[in-house]
Amino acid sequence: MTTGWMSDSEALMWHVGHDPFLDPTFGSLTVLGSAPDIDHLRSRLLRLVANTPRFGQRVSTPVGRLTPPAWCDDPRFDVDNHLRTVTLPPPGSRRQLLDLAVRLVQEPFADDRPQWEFVVIAGLADGGTGVVQRIHHTITDGEGGLRAAAAILDLEPGLAPLDEHTPAMQDASGPGALGLVAQTAGVAVQRAGRAAQSVVGEAVTLVAHPGQVPGAVSTGVETARSVIDQLKVHDRALSPLWTNRTLRRRLDTLDVPLAPMQATARAFGATVNDVFVTALTAAIGELHRESGRPAEQLRMAMPVSLRRRGSGAGNAFVPARIVVPVTDGDPRRRLTTIHDLLAPARDEPAFGVIEQLASVANLLPTPLVTRVLRDQARAVDFAASNLRGAPVPLWLAGAEVLADYPIGPLTAAALNVSLLSYDGTCNIGLHSDQGAVTDPERLAVLLGQSFSELFAA
């Protein structure tokens with residue numbers, strides 16, 4: 001049964017995401033102190049599906065492009081198709097765990113099944129267990145994924161009684177592909193027409209009368225200017241060092257205490273995200289200098305959450321691209337500069353028409369849109385994301401959660417550094433393109449030093 005349509009931006013991610021450079025899959029590596037109880041984990045995953053229907057739905061793509069893909073209940077849903085266990089070969093090192101985690105996140109999903117998977121990784125030398133969770137971005141964003149995880153995590157040790165959740169999947173055949181088109185073709189065409197008229201009309205006004213804009217139209221023209229700035233294809237990335245792009249991935253991790261991050265933010269009237277980005281840009285700048293290829297500034301991609309309290313699955317974010325300085329050696333001045341750059345990001349006027357632009361792009365041939373978006377994505381030097389996790393210890397199927405490292409999508413950038421706070425610690429995942437970032441271990445060291453400098457300030 002069809003239960004809903006993808007938003008225009010989700011549909012765009014779905015259409016272009018089959019290109020491996022634009023794959024929007026994100027994940028995390030959870031480190032447990034012991035092995036989880038698989039039966040309880042399976043039960044909790046069924047509860048997740050019952051609470052968040054998209055985890056039990058597959059994607060149905062109508063014939064043609066007049067409507068977005070639809071979410072349909074999967075009548076053949078089997079939780080064991082989304083839960084598996086693998087064992088690391090000896091010696092079961094940390095490096096082996098990280099390498100396997102990043103390979104798993106790269107594996108493509110089967111289009112005829114729900115787009116997510118949990119992989120339990122045994123065989124670690126220290127007796128712990130890793131769990132890789134990977135989710136296609138069309139299901140939800142990072143913050144939505146954290147909210148959905150509440151269905152599988154516990155606040156206390158021990159095994160609670162098994163849940164008896166069986167998702168009530170209905171007949172997914174529905175009206176068929178042609179029927180889906182017939183249901184909403186008129187609405188889709190009207191929506192795309194309005195979007196094209198709005199965006200193109202404002203752009204024409206801007207070009208034809210750049211200095212004579214009536215007051216009633218000025219807001220729309222400002223939106224058009226912002227759209228042009230946010231979505232134009234830049235010739236190249238700004239980094240003179242990270243010029244290569246490949247599909248060879250690597251994951252490194254770093255742990256930073258949360259309390260000094262919060263204290264530093266309060267002292268400067270900033271946010272934890274400001275502190276994070278300030279330390280990151282300093283480390284990246286220093287890596288460029290050490291490599292003999294210094295850079296004055298780089299282009300950063302950062303998701304800005306629009307999620308409201310109580311909202312569930314789905315995506316509620318907009319992408320922002322910000323050129324940030326990476327050369328200032330004074331940590332206090334760096335933090336102030338970064339704060340001033342990031343503070344207005346949420347009010348970016350282009351955000352209001354991202355969905356309209358996506359609706360227009362979805363009517364264009366996929367190869368054309370893919371090529372344009374890949375060129376655009378390669379103009380991003382690095383991505384950064386900051387997520388607020390649980391402030392207290394958690395357990396997964398009887399095993400204590402020791403750390404949870406996010407693995408953000410690269411989407412043709414050289415680097416994605418994502419931070420997730422958990423139980424007083426910031427777990428940081430550095431997901432890099434090995435063809436671009438050739439010394440990721442050194443970058444992790446420099447990032448730790450940058451945090452120490454900020455805390456000392």
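The structure this text deals with has already been given above.
Residues numbered from 1 in each chain as written. Predicted model: local features only at pLDDT ≥ 70, side-chain atom pairs only at ≥ 80, totals over all residues. Heavy atoms only, no water.

### Thoughts on unusual backbone geometry
Okay, step 1: A cis amide bond links Pro90 to the next residue, Pro91, at an omega of 10 degrees.
Okay, step 2: Note that Pro91 resides in the loop between strand E5 (83-87) and helix H3 (94-106).
Okay, step 3: Of note, the phi angle at Thr411 is positive, near 45 degrees, even though the residue is not glycine.
Okay, step 4: By the secondary structure assignment, Thr411 is in the loop between strand E14 (399-407) and strand E15 (415-422).
Okay, step 5: Positive phi outside glycine occurs at Asp423, with the angle close to 50 degrees. (Helix = DSSP H or I, 4+ residues; strand = E, 2+ residues; numbered from the N terminus.)

### So, the pairing of strand E2 (residues 26-32)
Okay, step 1: Counting buried positions along E2 gives 7 out of 7 residues, so the element sits mostly inside the fold.
Okay, step 2: As defined by bridge partners, E2 adjoins strand E7 (residues 129-135) across 7 bridges and the pair is classed as antiparallel. Bridge pairing in E7 places Val31 opposite Gly130.
Okay, step 3: Pairing between E2 and E14: 6 bridges, direction antiparallel. (Buried < 20%, exposed > 50% of the residue type's maximum accessible area, 1.4 Å probe, protein only. Pairing = 2+ DSSP bridges.)

### Quick notes on the sheet that holds strand E12 (residues 382-388)
Okay, step 1: If you walk across this open sheet you meet the 6 strands as E9-E16-E15-E12-E10-E11, and the pairing is mixed. The sheet terminates laterally at strand E9 (249-257) and strand E11 (317-325), the two strands that pair on one side only. Across the sheet, the axes of successive neighbouring strands diverge by a mean angle of 20 degrees, strand direction being ignored.
Okay, step 2: Pairing of E9 with strand E16 (residues 425-433) involves 9 bridges; the strand directions are antiparallel. In the strand pairing of E16, Thr253 is matched with Gly429.
Okay, step 3: The strands touched by helix H7 (residues 258-267) are E9, E15 and E16; relative to E9, the strand with the most contacts, the crossing angle is about 75 degrees.
Okay, step 4: Sitting on the sheet, helix H12 (residues 440-456) touches E9, E15 and E16, and the angle it makes with E9 is about 20 degrees. (Axes fitted to C-alpha atoms, helices over the stretch in contact; angles between N-to-C directions. Contact = heavy atoms within 4.5 Å.)

### Concerning the nonpolar core
Okay, step 1: Counting 46 residues, the largest nonpolar core has Trp242, Phe276, Met300, Phe382, Ile428, Leu447 and Phe451 as the members making the most contacts within it.
Okay, step 2: Ranked by the residues each element gives to this core, the list is headed by helix H8 (residues 272-290), at 8 residues.
Okay, step 3: Beyond its immediate stretch of four places on either side in the chain, Leu447 contacts Leu254, Ala279, Leu280, Ala283, Val417, Ile428 and Leu430.
Okay, step 4: Core analysis: the next-biggest nonpolar cluster, separate from the first, contains 31 residues, Leu48, Phe118, Ala151 and Leu394 among them. (Core = buried A, V, L, I, M, F, W, Y, C linked by side-chain atoms within 4.5 Å.)

### Quick word on the side chain of Asp404
Okay, step 1: Position of Asp404 among the secondary structure elements: in strand E14.
Okay, step 2: Look at Asp404: it is buried, it has no salt bridge, and the nearest opposite charge is Arg94 at 10 Å.
Okay, step 3: Polar contacts involving the side chain of Asp404 include one to the side chain of Thr30, which spans 3.0 Å.
Okay, step 4: Residues within four places of Asp404 in sequence aside, it is in contact with Ser28, Leu29, Thr30, Leu420 and Asn427. (Lys, Arg positive; Asp, Glu negative; His and termini not counted. Salt bridge = Lys/Arg side-chain N within 4 Å of Asp/Glu carboxyl O. Polar contact = N/O pair within 3.5 Å; in protein donor to acceptor, adjacent residues only side chain to side chain.)

### Observations regarding the pattern of salt bridges
Okay, step 1: Under the defined criterion, the tally for this structure stands at 19 salt bridges.
Okay, step 2: A salt bridge links Arg44 to Asp154, with the nearest nitrogen and oxygen atoms 2.7 Å apart. In this pair, Arg44 is assigned in helix H2 (residues 38-51) and Asp154 in strand E8 (residues 153-154), connecting sequence segments 110 residues apart.
Okay, step 3: A relative accessible area of 14% places Asp154 in the buried class.
Okay, step 4: The partner of Arg250 in a salt bridge is Asp252, and the shortest N-O contact between them spans 2.7 Å. A single burial state applies to Arg250 and to Asp252, both of which are buried.
Okay, step 5: Shared partners join several salt bridges into a network, and the residues in it are Arg95, Asp99, Arg250, Asp252 and Glu441.

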